[in-house]
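Inside the fold
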Amino acid sequence: MREKITNVNHNIIKWARLKSGYSLEDIAKVFNKKKGVMEDWEAGIDFPTYIQLEKLAEKYGRSVAFFFISDPPKQEEGLADKVMLRSSELVKLKPKVYSLYRQAFARQLALEELFEAEDFSNDKIFNVIQATNNRSFIELAAEVREYLGVSIEDQMSWKDTTTALQMWRDEIHNKGIFVFKEAFDDNQVDGFCLTHKTFPVIYLNNTNVESRQIFTLFHELAHLLLGNNGITSDLTFKNKNDEQFCNHFSSEFLVPLEHFSKHPSSVEYSDEAVSDLANEYKVSLQVILYKFRQKEVISEPFFQRKLSEWIKRGKNKAANSQSSGGGNYYYNQIMYLGRHFLTLAFKKHYEGKCSVDQLASYFNVQEKNISKLEDIFIQRIANA
C-alpha cells in the first residue's frame, strides 16, 4: 500500500479546487472514488498518496509543492471577482477558463520581471484614450483607428482574416497591450482581458474562427479602455451595459457605418452579400449583419433570428474543432504566446537576465524542450 502524505495542507487542497471551478463530484470522477474520499482529503481526515497529489496538481494547474504552503497566495484572492465581473450570464465557467485567468495574471508578473525598470512601449493607448459607456462609440472607434494608424482601406487590402488577425495583434501590441491566444475548452467564452497599470493583457479563444477572434480583440480593447476586467461571451446587442457598448464599438471600428453605407453591396440584403462583404472587410458575418440592421435594410426580428442562427452554427463548429484535437504542440505554443512575448523572453535569456527554468515557466514547456521551441520559433521568423 502506497504511503499517504500526511503533512499536506488540506485547506490548500480545498482552496485549489474551488479556485479551479471543480466540484467535489468532478474530482471524485477523476480518481474513480466516492465523493466522501475527496471530502476527507479537504477536511484533513484522510490524505492522498504522492501519486494522487501529482494528479491533483495536474488537474488544478499547480505544482505539487503548492499543496504544502501554509496560506493561499494573496495575489489570487481578487481574481474570482475579476473573472465573474462580466460573466453573470454564464451558468458555469469551465475550469480551464479559471486556469487561463490565473495564467494571465502570472504572465503580467512575468512581464514585470522581464522588463524590470524598462518599458517596452512609450506609446500606450490606454494612457492616451479613456472610454466611458455614455460616450459615442462612433467617435471612440474613429479616435482609436486614427491612433492605431490603420485606415479602412489598409484593412480591406489584407489578404484574409488570418493576415488581418496577425496585423491587428501587432498593432495592439505596439500600443502597449500583449495579446495571447489559447484553446479555452469552452465555446461559450470568446475571450477576456485583465487590466494593469503597465501590462494589460487580452486573451482570445483560438477555437473560434479568426474573424470572430478579431471582433473579440476589439471588444476586449474597449473593455480595457473602460478600465474593466472580465470575460466576454456571446455577441449580443440587446442590453444597455458595457457589453453592449463594447460590441457596438468593435462593430463600428471594424466596419464604420459611414463607409459601409457607401458600399454598393449594402443596399439590398442577401446571405451571399453578407458573406462577400465579410470577406472584403475581413470580419465576421455577424458584424456585417449588424451593419444591415443599422442601415434599417433588415428588421430587428430578422436580425435577432439570423444572429442566433449564426452564433449557434459557430458554436457547433467550435465544439467539433475542440473534440478533434491535434496540431503540433510547439507550433501551437508559438501561436498562443505570440512572437512579441517570445522574442522578449529569449532576448532577456541571451542577456543572462532570464534562466532556462524561468523560460519554461513563461512558455509552459519542460526545460529540456526549450531548445526545440526556440529552433522552431527561429525557423518560423526566418520564413515569415
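Residues numbered from 1 in each chain as written. Predicted model: local features only at pLDDT ≥ 70, side-chain atom pairs only at ≥ 80, totals over all residues. Heavy atoms only, no water.

Attention now goes to the overall build of the chain. Of the regular secondary structure elements, the chain holds 20 helices and four strands. Looking at the chain alone, contacts between residues at least 24 apart form 69% of all its contacts between residues at least 6 apart. (Helix = DSSP H or I, 4+ residues; strand = E, 2+ residues; numbered from the N terminus. Contact = heavy atoms within 4.5 Å.)

Inspection of the secondary structure assignment puts Val365 in the loop between helix H19 (356-363) and helix H20 (370-383). Residue classification places Val365 among the buried residues on the basis of a relative accessible area of 10%. In this structure the C-alpha to C-alpha distance between Val365 and Tyr330, which are 35 residues apart in sequence, comes to 8.8 Å. Beyond its immediate sequence surroundings of up to four residues, Val365 is in contact with Tyr329, Gln333, Ala360, Ile370 and Leu373. (Buried < 20%, exposed > 50% of the residue type's maximum accessible area, 1.4 Å probe, protein only.)

Taken as a whole, H19 has its buried residues at Leu359, Ala360, Tyr362 and Phe363. Angular distribution of buried residues about the axis of H19 spans 165°; they occupy a single face of the element. For H19, the elements touching its buried residues are helix H6 (95-115), helix H17 (329-337), helix H18 (339-350) and H20. Looking one or two residues past H19, Asn364 carries a phi angle of roughly 65°, positive in sign. (Arc of directions from axis to C-beta.)

Moving on to the packing of aromatic side chains. Scanning the entire structure with this criterion turns up 28 aromatic pairs. The interplanar angle of 85° and the centroid separation of 6.0 Å between the aromatic rings of Phe66 and Phe67 together place this pair among those described as edge-to-face. The same class applies to Phe66 and to Phe67, which are both buried. Geometrically, the ring pair formed by Phe180 and Phe341 is edge-to-face, given 5.3 Å between the ring centres and 80° between the ring planes. Highlighted residues: Phe180 in strand S1 (residues 178-182) and Phe341 in helix H18, separated in sequence by 161 residues. Positioned over the ring face of Phe31 is Lys55, at 5.4 Å from the centre of the ring. (Phe/Tyr/Trp six-rings, centres within 6.5 Å; stacked < 30°, edge-to-face > 60°. Lys NZ or Arg CZ within 6 Å of the ring centre and 35° of its normal.)

Moving on, we come to unusual backbone geometry. Phi is positive for Glu296, close to 65°, though the residue is something other than glycine. Inspection of the secondary structure assignment puts Glu296 in the loop between helix H15 (285-294) and helix H16 (300-324). A residue is classified by how much of its surface remains accessible, and Glu296, at 65% relative accessible area, is exposed. Here the phi dihedral of Asn364 falls at roughly 65°; this positive angle occurs in a residue that is not glycine. Turning to its location among the elements, Asn364 is positioned in the loop between H19 and H20.

So, on to the pairing of strand S3 (residues 201-205). Most of S3 is tucked away: five of the five residues are buried. Two strands pair when backbone bridges link them, and S1 and S3 are joined in this way by five bridges, in the parallel orientation. What sits directly across from Phe178, in S3, is Val201. Alignment of strand S2 (residues 191-194) against S3, held across four bridges, turns out to be antiparallel. (Pairing = 2+ DSSP bridges.)

Caution applies to low-pLDDT regions: their predicted coordinates should not be interpreted in detail. Per-residue confidence for the chain gives a mean pLDDT of 86, with 88% of residues at or over 70. Per-residue pLDDT, averaged within each element of the chain, yields its smallest value for helix H5 (residues 79-84) (58) and its largest for helix H9 (residues 152-157) (97). (pLDDT = per-residue confidence, 0-100.)

Overall, mixed pairing links the four strands, which are arranged S1-S3-S2-S4 in an open sheet. Pairing within the sheet leaves two strands with one partner each, and these edge strands are S1 and strand S4 (230-232). Here the strands of the sheet are splayed against their neighbours by 20° on average, with no regard to which way each runs. As judged from the three bridges shared by S2 and S4, these two strands associate in the antiparallel manner. Considered in S4, the bridge of Gly191 is made with Thr232. Across the face of the sheet, helix H11 (residues 210-226) comes into contact with S1, S2, S3 and S4 while running at roughly 150° to S3. (Axes fitted to C-alpha atoms, helices over the stretch in contact; angles between N-to-C directions.)

Angle between the axes and distance between the axes are the two parameters that describe a pair of packed helices. H19 packs onto H18 with a crossing angle of 170° between their chain directions and a minimal axis gap of 10 Å. Taken together, the axes of H18 and H19 lie roughly antiparallel to each other. Contact with H18, carried on its side by Phe341, Leu342, Ala345, Phe346 and His349, involves Val356, Leu359, Tyr362 and Phe363 of H19 and no other residues of that element. (Parallel < 35°, antiparallel > 145°, perpendicular 65-115°, else oblique.)

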